[in-house]
Amino acid sequence: MCVAGCKVALQVQETLGRDPHAGDLYVFRGRSGNLIKIIWHDGLGMSLYAKRLEKGRFLWPSPADGTVSISPAQLAYMLDGIDWRNPRHTFRPQRAG
């Protein structure tokens with residue numbers, strides 16, 4: 001029996017033409033924008049991470065060719081609900097020392 005992670009891995013392989021076992025993270029967003037799924041192969045097996053926001057939507061980059069590459073920091077911002085396109089520091093020291 002194939003579970004959700006298997007279906008997403010198949011989508012990575014067939015639709016994106018990428019190897020889901022290469023160790024890359026593949027991130028997918030649900031239609032309504034409040035669900036995100038991340039799949040990766042950690043060397044031992046496939047892992048699936050899912051997060052659903054109770055309020056708001058995940059900010060999603062506009063893909064140029066169907067795929068988007070983002071940095072680990074941008075992914076962390078996205079998962080925390082921060083606008084990864086223009087993060088702002090909440091505290092900035094006024095002077096050194």
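Note that the structure is a prediction, hence the values are computed from the model and not measured.

Caption draft 1: Region of the structure containing helix H2 (residues 72–79). Of all the residues in H2, the buried ones are Leu75, Met78 and Leu79. Viewed end-on, H2 has its buried residues packed into an arc of 95 degrees, placing them on one side of the element. Those residues of H2 hidden inside the fold are in contact with strand E1 (26–29), strand E2 (35–41) and strand E3 (46–52). Count one or two residues on from H2 and you reach Gly81, which has phi positive near 80 degrees.

Caption draft 2: Examining the sheet that holds E2 more closely. Pairing is antiparallel in the open sheet, where 3 strands are placed in the order E1-E2-E3. Looking at strand neighbours, the two that pair on one side only are E1 and E3, the edges of this open sheet. Strand after strand, the sheet turns through a mean of 15 degrees between neighbouring axes, direction not considered. Running at roughly 140 degrees to E2, H2 makes contact with E1, E2 and E3 of the sheet.

Caption draft 3: Highlighting the environment of Ile36. As for its position among the elements, Ile36 is in strand E2. Residue Ile36 is classed as buried on the basis of its relative accessible area of 0%. With residues up to four places along the chain from it excluded, the contact list for Ile36 reads Val27, Phe28, Arg29, Tyr49, Ala50, Lys51, Phe58, Trp60, Met78 and Leu79.

Caption draft 4: Just the confidence of the model for the chain, in detail. Per-residue confidence for the chain averages 78 on the pLDDT scale, and 87% of its residues sit at or above 70. Taken element by element, the predicted model of the chain shows its lowest mean pLDDT in helix H1 (residues 4–14) (69) and its highest in E3 (88).

Caption draft 5: Just the side chain of His41, in detail. Looking at the element boundaries, His41 is found in strand E2. A distance of 3.1 Å separates a polar atom in the side chain of His41 from the backbone nitrogen of Gly43. When near neighbours in sequence (up to four residues on either side) are disregarded, His41 contacts Pro20, His21, Gly23 and Met46.

Reading guide: rules and limits
Residues numbered from 1 in each chain as written. Predicted model: local features only at pLDDT ≥ 70, side-chain atom pairs only at ≥ 80, totals over all residues. Heavy atoms only, no water. Buried < 20%, exposed > 50% of the residue type's maximum accessible area, 1.4 Å probe, protein only. Helix = DSSP H or I, 4+ residues; strand = E, 2+ residues; numbered from the N terminus. Arc of directions from axis to C-beta. Contact = heavy atoms within 4.5 Å. Pairing = 2+ DSSP bridges. Axes fitted to C-alpha atoms, helices over the stretch in contact; angles between N-to-C directions. pLDDT = per-residue confidence, 0-100. Polar contact = N/O pair within 3.5 Å; in protein donor to acceptor, adjacent residues only side chain to side chain.

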